[in-house]
Amino acid sequence: MPDATSVTHFHANNGTALSLDVERRQGEFHLQASLTLPGKGVTALFGASGSGKTSLLRMIAGLDRPDSGTIRLGEKTLTDTRRGIQVPPHRRRLGVVFQEARLFPHYRVRGNLAYGLHPSMRSRVDAIVELLGIGHLLQRLPATLSGGEARRVAIGRALLTAPRLLLMDEPLTGLDGARKQELLHYIDQLARDIDIPIVYVSHDPHELTAIADHLVLLDQGQVRAEGRLDVLLNRFDLTEHLGGFDAASVIAARVEMHDIHYALTRLTLEDGQTLSVPRLDASPGQRLRLRIPVRDVALALTEPRDISYRNRLHAVIQRIEPLDGSRASVELGLSVSGQALRARLTRHALDEMGLDVGMPVVALIRSVAFETR
Ligand SMILES: Nc1ncnc2c1ncn2[C@@H]1O[C@H](COP(=O)(O)OP(=O)(O)OP(=O)(O)O)[C@@H](O)[C@H]1O
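As the structure is a prediction and not an experimental result, all values here were calculated from the model.

Draft legend 1. The pattern of salt bridges, seen in detail. Under the counting rule described, the total for this entry stands at 13 salt bridges. Note that Asp 296 and Arg 366 form a salt bridge whose closest N and O atoms lie 2.8 Å from each other. Highlighted residues: Asp 296 in the loop between strand E15 (287–293) and strand E16 (297–300) and Arg 366 in the loop between strand E20 (360–365) and strand E21 (369–372), separated in sequence by 70 residues.

Here's what the structure looks like:
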């Protein structure tokens with residue numbers, strides 16, 4: 001029986017980038033997008049409700065046709081309106097997972113997984129079942145599954161068709177907090193263990209920081225920005241679109257050790273600085289992604305002694321800009337261990353502390369959320 005790690009080796013997809021240049025009108029709505037998405041990792045299509053995420057996904061999947069344009073996956077042309085090419089959805093070699101699982105109700109989980117099973121994936125079934133944690137569900141009918149379980153089965157079914165790209169349209173919608181977190185964990189694991197790029201539609205900034213490597217920000221049918229997640233999260237002009245008040249930075253760290261006495265886990269950054277967080281279920285050496293809300297970062301000029309914030313990071317101020325729409329606050333871009341961290345202060349505090357670009361400061365961090373990656 002293959003183990004879960006063997007999943008890593010299937011279906012090498014290196015360099016299979018999706019490129020598209022499409023235009024489509026839907027009533028009053030006009031979508032225009034020109035993009036090349038990376039051939040690996042998770043790309044989030046992100047934007048407010050009605051920005052065109054699902055419309056774009058449907059065109060990639062071949063469920064809708066652009067008024068004009070092209071869509072290519074690697075060397076293969078999926079759509080070319082000028083040449084009259086429109087490969088039908090089932091011949092695109094794409095796996096699609098919708099908001100609802102859409103399993104076949106009369107087939108057991110095993111039957112659902114077998115449906116569309118690609119011969120090249122036969123030897124991989126066990127590994128994918130294990131990766132998604134659905135082994136104990138194989139004899140069950142879809143009606144008896146929880147929402148999260150059903151979606152894991154739907155993801156498994158999509159993967160077993162040997163897709164060259166996996167499309168997910170808000171797969172966490174309607175799940176409660178714990179199940180959302182659980183499914184997010186499985187998807188994250190999947191993204192690391194398989195070599196199939198994922199395009200992930202979401203309007204939730206938390207999902208985005210948890211899972212995406214690359215981001216396409218849609219705004220009223222247009223691509224407002226596109227690039228690496230950490231780079232875009234650090235763009236102040238996009239704050240309004242990327243969480244607003246809930247905007248956050250993402251920082252990479254590694255688990256160093258667990259402190260059993262205080263039930264804490266110690267994490268290290270690249271330059272040796274450390275952070276302590278409530279005990280995590282992660283092994284020493286494991287890499288994590290930390291989500292640090294902008295409003296939870298305070299600054300001091302020196303290490304304060306009489307304050308309860310345990311997490312202090314030495315940083316250097318890289319830029320200071322007014323916060324859009326606020327006369328009272330400013331945004332600061334800091335460099336911490338070669339990574340970007342944002343903070344938000346009142347102008348009053350900025351002036352009183354005499355903060356300026358190039359100055360070293362201590363960033364005091366009130367709360368940190370963790371994503372295992
Ligand atoms: N068949 C249609 N006819 C007319 N307008 C449509 C049609 N389908 C979608 N629209 C409009 O296109 C716009 C984009 O819709 P789309 O579903 O792509 O947005 P979205 O970003 O996925 O939103 P959400 O996050 O709410 O799912 C919306 O204004 C929607 O009302």
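Draft legend 2. Structural context of the layout of surface pockets. Each pocket or cavity is described by its volume, and for the largest pocket that value is around 650 Å³. What lines the largest pocket is a set of 21 residues, among which His 90, Leu 94, Gly 95, Val 96 and Thr 161 lie closest to the centre. At the level of secondary structure, the elements contributing two or more residues to the lining of the largest pocket comprise strand E7 (94–97) and helix H4 (147–159). No other element matches E7, which puts four residues into the lining of the largest pocket. The residue makeup of the lining of the largest pocket, split by class, is 13 nonpolar, five polar and three charged.

Draft legend 3. Inspection of H4 at higher detail. Between its terminal C-alpha atoms H4 stretches 18 Å, which fits the 18 Å expected from 13 residues at 1.5 Å a residue. Taken across its 13 residues, H4 has twelve buried, putting it largely inside the fold. Of the positions making up H4, those classed as buried are Gly 148, Glu 149, Ala 150, Arg 151, Arg 152, Val 153, Ala 154, Ile 155, Gly 156, Arg 157, Ala 158 and Leu 159. Among the structural elements, E7, helix H2 (109–114), helix H3 (125–132), strand E8 (165–169) and helix H5 (177–193) are those in contact with the buried residues of H4.

Draft legend 4. Spotlight on the packing of aromatic side chains. Inspection of every chain in the model, using the stated rule, returns two aromatic pairs. Looking at Arg 157, its charged tip hangs above the ring of Phe 104, at a distance of 4.8 Å from the centre. We note Arg 319 situated over the ring of Phe 236; from NZ or CZ to the ring centre the distance is 4.0 Å.

Draft legend 5. Looking closely at unusual backbone geometry. Backbone geometry at Ala 162 places phi at a positive 60°, although glycine is not the residue there. With respect to the element layout, Ala 162 can be found in the loop between H4 and E8. Positioned with a positive phi, Ser 337 is a non-glycine residue whose angle comes to about 50°. Mapped onto the secondary structure, Ser 337 falls in the loop between strand E18 (329–336) and strand E19 (339–346).

Draft legend 6. Representation of the site of the ligand within the structure. Around the ligand, the surrounding shell consists of Gln 26, Gly 27, Phe 29, Ala 48, Ser 49, Gly 50, Ser 51, Gly 52, Lys 53, Thr 54, Ser 55 and Glu 170. Contact distances for the ligand include 2.8 Å between an oxygen atom and a backbone N or O atom of Gly 50. A distance of 2.8 Å is found between an oxygen atom of the ligand and a side-chain nitrogen or oxygen belonging to Thr 54. If the ligand stood free it would expose 640 Å²; the protein chains cover 57% of that surface. The biggest single contributor to the shell around the ligand is helix H1 (residues 53–61), with three residues. For the shell around the ligand, the residue count by class is two nonpolar, eight polar and two charged.

The rules behind these values
Residues numbered from 1 in each chain as written. Predicted model: local features only at pLDDT ≥ 70, side-chain atom pairs only at ≥ 80, totals over all residues. Heavy atoms only, no water. Salt bridge = Lys/Arg side-chain N within 4 Å of Asp/Glu carboxyl O. Helix = DSSP H or I, 4+ residues; strand = E, 2+ residues; numbered from the N terminus. 1 Å grid on protein atoms, 1.4 Å probe; cavity = no way out; pocket = protein on both sides within 12 Å on 5 of 7 lines; lining within 4 Å. Points joined across faces, edges and corners; volume = space filled by probe spheres on them. Nonpolar A, V, L, I, M, F, W, Y, C, P; charged D, E, K, R; others polar. Expected span 1.5 Å × (residues − 1). Buried < 20%, exposed > 50% of the residue type's maximum accessible area, 1.4 Å probe, protein only. Contact = heavy atoms within 4.5 Å. Phe/Tyr/Trp six-rings, centres within 6.5 Å; stacked < 30°, edge-to-face > 60°. Lys NZ or Arg CZ within 6 Å of the ring centre and 35° of its normal. Near = heavy atom within 4 Å. Polar contact = N/O pair within 3.5 Å; in protein donor to acceptor, adjacent residues only side chain to side chain. Areas by Shrake-Rupley, 256 points an atom, 1.4 Å probe, with all protein chains shown as cover.

Any functional reading would require information that these geometric values do not contain.
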